[in-house]
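As a plain string of letters, each chain reads:
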Amino acid sequence: VEERPMWEPEAWGSSGGWPPPRGARAGPSLSSVLNELPSAATLRYRGPGVLPWGASEEEEEDGERNIQAIAEAAQKELEEPLPSRELPWPLQARRAHRQSHAKDQRTQKSGSRGEQWALWLRRSKEKMKAGLHTLQPWAWTLKRIGGQFGAGTESYFSLLRFLLLLNLLASILKACMTLLPTWLEGTPPGPPGPNGSSPCGFYDPNLQGLVAFPTHLFNLLSGEGFLEWSPLFYGFYPPRPHLAVTYLCSVFVIGLLDLLLILHRSTSGWRLWMYVELEEAVVRRQAAVRTLGQQAWVWSVRILLNLLVIALLGTAFYGVYWATGATVDLQEMPLVQEMPLLKLGVDYLPSIFISGVNFLLPPVFKLIAPLEGYTRSRQIVFILLRTVFLRLASLLVLLFSLWNQITCGGKAEAEECKTCGYNYKELPCWETRLGQEMYKLLLFDLLTGLAVMLLIQFPRKLLCGLCPGALGRVVGTQEFQVPDEVLGLIYAQTVVWVGSFFCPLLPLLNTVKFLLLFYLKKFTLFSTCSPASRTFRASTVNFFFPLVLLLGLAISAVPVLYSLFLIPPSKLCGPFRGQSSIWAHIPESIYTLPQTVQDFLFFLGTQAFAVPLLLISSILMAYTLALANSYGRLISELKRQIETEARNKVFLAQRAVALSSARGAL
């Protein structure tokens, strides 16, 4: 994480650094000289065409009209390249540009049609890349955000745009592989009525008689009633052979596509920016000179604080587990059934607990981290790890509690689960129940974001304007918290990955949610937030957070695969009703394929395919680890060099102040 350098010459002098100059009592101070340096005056890069801080919204429209002129200038530069010495590039890049330009000139003079075609194709590829870059959604908006609030904030909106693309692709695939086969084979039948002869009872979620409007509204928020038997949830889809195959294949296709796109983004977006904080060097030097008693005290404090963190996490997880189990009991109370608003609150009880702990505990982690005595970068790492664990583990606790209800606590011989293999009395269509929980989590997350914006962020901004002076600045000043916002996106996407099998239209709903979120966050950013005093490094968003996103994808695969292979599907709803397991339909469908296709698919499951694949994967992993170790040594050497350069600058500044003071004394 890159932060603004904190120049503390007193700390340098007191910690074994360089002594302050003797004649530095008169004239400008070292702090004033350092604050006048270009590196301290310019906190972040401001690209071409970026508006000044605090510019009005009308100026943004003028900037958007200028983007076409910028694109035309870039295209002209491709057609008529500038001399290498006039390009604001590093020496190595200018040398490569000069060699490429000389090669192009030789190709044009040679007259060979093959080389001219290759030159034309390369030029066309460069023009196409430049054109596609200008056609990216919100390109100018991201550029303006990066110029005013830093590259880290810009990378958050870039990640939001990337997740919006993932959900849009998943929505298209779901529509083609789930909705179209459902309607092309005829109108789906309604829910099984009470006249059926199934030993697992009956399942009819539709309300009978005249339904009041408030009931429809509450059903819309909870996913019950008319929404429960609709294309939104798993139970609506009929048991048709082709539909069952495409329904299941859509999950694997979307998961594989998301995996490849995330890997591509995490590798292509890897940019390492090295900045060494002088304040972190001070902390490291102070840690190096601690006595044995001081070390024991520091480690005692760290152990006690980590025990406190574990206790907070355990309490939060138990609260989520209790809320999920108590929901069923509270819904059966007569008072809850008579009051629709109270019933809606009971339905949202697990979502309220999860959102509550995700809202309250991360600020506590931020208060605890500075007390552990780590450097600033290490503190941020611990905060991120604890927050990631809290968000993803709370979701797993919710699913574990639901599985206990579905499988009767894993006891297959229990009376409720003995007949059908699952608790059919409380959950006649357990897949739809899981989909409803994910639907409520997505909806409640959006409503929570709106409530925070309307009830906290905007009142703080108004308070800043109504209370001039230090009180208004302290209470009203707010910054865009990049780590918290990014982890919120990853949590929301993990919820969608878990629920997309049980709620097929969840990616479409999340597409609409992320689209609204982009404009809401943009409006909040420019209306209520100020540029961060400690800027967040963009390479963390481009590299570390995609790794967390991959972790969310891996965690979401666990409940889906568990449901596919180990839990019997509902007997009264869904495309897999009547099967021993959801996956059992796939081998039956394979036997209907041609013999050559069958042999190839069965070969993929043999040792002749698995062993070479394992060997190749091991070799690639070993190569990647070796490459990472070499990069790590190079990075450490570069850090030492940059720290040395920083010390040189401070030393030269001290000498300049000393000379200036001596000249003033004369």
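Residues numbered from 1 in each chain as written. Predicted model: local features only at pLDDT ≥ 70, side-chain atom pairs only at ≥ 80, totals over all residues. Heavy atoms only, no water.

Identification of the protein chain as Transmembrane channel-like protein from Neovison vison is taken from an unreviewed UniProt entry. UniProt, in its Subcellular location (unreviewed entry) section for the protein chain, records the words "Membrane". What the UniProt record of the protein chain gives under Sequence similarities (unreviewed entry) is the line "Belongs to the TMC family." (UniProt positions renumbered as here; feature names shortened; annotations may be inferred.)

Caption draft 1: Geometry of the UniProt feature "transmembrane region" (unreviewed entry) in the protein chain. Mapped onto this numbering, the UniProt entry gives "transmembrane region" (unreviewed entry) at residues 162-184, 244-263, 303-323, 348-368, 380-403, 494-520, 541-562 and 609-631. Secondary structure over residues 348-368 splits into 95% helix and 0% strand, and the C-alpha atoms at its two ends are 30 Å apart. The span residues 609-631 is 100% helical and 0% strand by assignment, and the distance between its end C-alpha atoms comes to 33 Å. (Helix = DSSP H or I, 4+ residues; strand = E, 2+ residues; numbered from the N terminus.)

Caption draft 2: View of the side chain of Gln148. Its place among the elements puts Gln148 in helix α7 (residues 139-149). A polar contact of 3.0 Å, which involves the side chain of Gln148, links it to the side chain of Arg144. (Polar contact = N/O pair within 3.5 Å; in protein donor to acceptor, adjacent residues only side chain to side chain.)

Caption draft 3: Structural detail: empty space enclosed by the protein. The full count for this structure, using the stated rule, is three cavities of 30 Å³ or more. Elements represented by at least two residues in the lining of the largest cavity include exactly α18 (430-466) and α21 (506-528). If you tally residues by element for the lining of the largest cavity, the top one is α18, at five residues. Looking at the lining of the largest cavity residue by residue, the class counts come to five nonpolar, three polar and one charged. (1 Å grid on protein atoms, 1.4 Å probe; cavity = no way out; pocket = protein on both sides within 12 Å on 5 of 7 lines; lining within 4 Å. Points joined across faces, edges and corners; volume = space filled by probe spheres on them. Nonpolar A, V, L, I, M, F, W, Y, C, P; charged D, E, K, R; others polar.)

Caption draft 4: Summary view of the packing of aromatic side chains. Tallied over the full model, the rule gives 30 aromatic pairs. Relative to Tyr247, the ring of Tyr234 has its centre 5.9 Å away and its plane inclined at 75°; by these criteria the two rings are edge-to-face. With Tyr234 in the loop between α9 (213-222) and α10 (241-268) and Tyr247 in helix α10, this residue pair connects regions lying 13 residues apart in the sequence. Aromatic rings pair up to connect Trp183, Tyr203, Trp229, Tyr234, Phe236, Tyr237, Tyr247, Trp430, Phe501, Phe502 and Phe576 into one cluster. Positioned over the ring face of Phe526 is Arg144, at 4.1 Å from the centre of the ring. A cation over an aromatic ring shows up here: Arg302 above the ring of Trp299, its NZ or CZ 4.8 Å from the ring centre. (Phe/Tyr/Trp six-rings, centres within 6.5 Å; stacked < 30°, edge-to-face > 60°. Lys NZ or Arg CZ within 6 Å of the ring centre and 35° of its normal.)

Caption draft 5: Expanded view of a nonpolar patch on the surface. Together, Leu593, Val597, Phe600, Leu601, Phe603, Leu604, Phe609 and Leu613 make up an exposed nonpolar region whose accessible area comes to about 640 Å². Broken down by secondary-structure element, the contributors of at least two residues to the nonpolar patch are α24 (595-603) and α25 (607-665). Tallying contributions element by element places α24 first for the nonpolar patch, with four residues. Position of Leu601 relative to the elements: it lies in helix α24. (Patch = residues over 30% accessible without salt bridge, like charges linked within 9 Å, V, L, I, M, F, W, Y side chains within 5 Å. Areas by Shrake-Rupley, 256 points an atom, 1.4 Å probe, with all protein chains shown as cover. Salt bridge = Lys/Arg side-chain N within 4 Å of Asp/Glu carboxyl O.)

Caption draft 6: How the structure looks around the environment of Gly552. Note on placement: Gly552 falls in helix α22 (residues 538-565). Each C-alpha atom, one on Gly552 and one on Ile490, is 7.1 Å from the other, the two residues being 62 residues apart in sequence. With residues up to four places along the chain from it excluded, the contact list for Gly552 reads Leu392, Thr494 and Trp497. (Contact = heavy atoms within 4.5 Å.)

Caption draft 7: Seen up close, the confidence of the model for the protein chain. When pLDDT is averaged along the protein chain, the result is 77; 74% of the residues meet or exceed 70. No element of the protein chain has a lower mean pLDDT than helix α1 (residues 9-14), at 38, and none a higher one than α21, at 92. This stretch, residues 1-26, has a pLDDT under 50; its non-local contacts, to residues over four places away or in other chains, come to 57 contacts. Contacts for the low-pLDDT stretch residues 269-276, under 50 throughout, to residues beyond four places or in other chains number 21 contacts. (pLDDT = per-residue confidence, 0-100.)

Caption draft 8: Quick peek at the state of the cysteines. Overall, the coordinates contain two disulfides when judged by the stated rule. Here Cys408 pairs with Cys417 through a disulfide, and the sulfurs are 1.8 Å apart. Here the disulfide of Cys408 and Cys417 is right-handed, its torsion about the S-S bond being about 85°. Paired by a disulfide, Cys429 and Cys573 hold their sulfur atoms 2.0 Å apart. Judged by the torsion about the S-S bond (95°), the Cys429/Cys573 disulfide is right-handed. Separated by 144 residues along the polypeptide, Cys429 in the loop between α17 (415-418) and α18 and Cys573 in the loop between α22 and α23 (585-590) bring together distant segments of the chain. Of the two residues, Cys429 and Cys573, neither departs from the other in class, the shared state being buried. (Disulfide = S-S within 2.5 Å. Buried < 20%, exposed > 50% of the residue type's maximum accessible area, 1.4 Å probe, protein only.)

Caption draft 9: Focus on helix α15 (residues 349-368). With 20 residues, α15 should reach 28 Å at 1.5 Å per residue; the first-to-last C-alpha distance of 28 Å fits that figure. Among all positions in α15, only Leu349, Pro350, Ser351, Ile354, Ser355, Val357, Asn358, Leu361, Pro362, Phe365 and Ile368 are buried. (Expected span 1.5 Å × (residues − 1).)

Caption draft 10: Looking closely at a negative patch on the surface. A surface patch of negative charge is lined by Asp329, Glu332, Glu415, Glu416 and Glu426. You can see Glu416 is positioned in helix α17. Overall, the relative accessible area of 35% leaves Glu416 in the partly exposed class. (Lys, Arg positive; Asp, Glu negative; His and termini not counted. Charge placed at Lys NZ, Arg CZ, Asp CG, Glu CD.)

Caption draft 11: The environment of Ser171, seen in detail. Note that Ser171 resides in helix α8 (residues 151-184). Distance in space between the C-alpha atoms of Ser171 and Leu508 is 5.1 Å, their sequence separation being 337 residues. If we skip the residues at most four places from it in the chain, Ser171 touches Pro507, Leu508 and Thr511. Polar side-chain contacts of Ser171 include one of 3.1 Å to the backbone nitrogen of Leu508.

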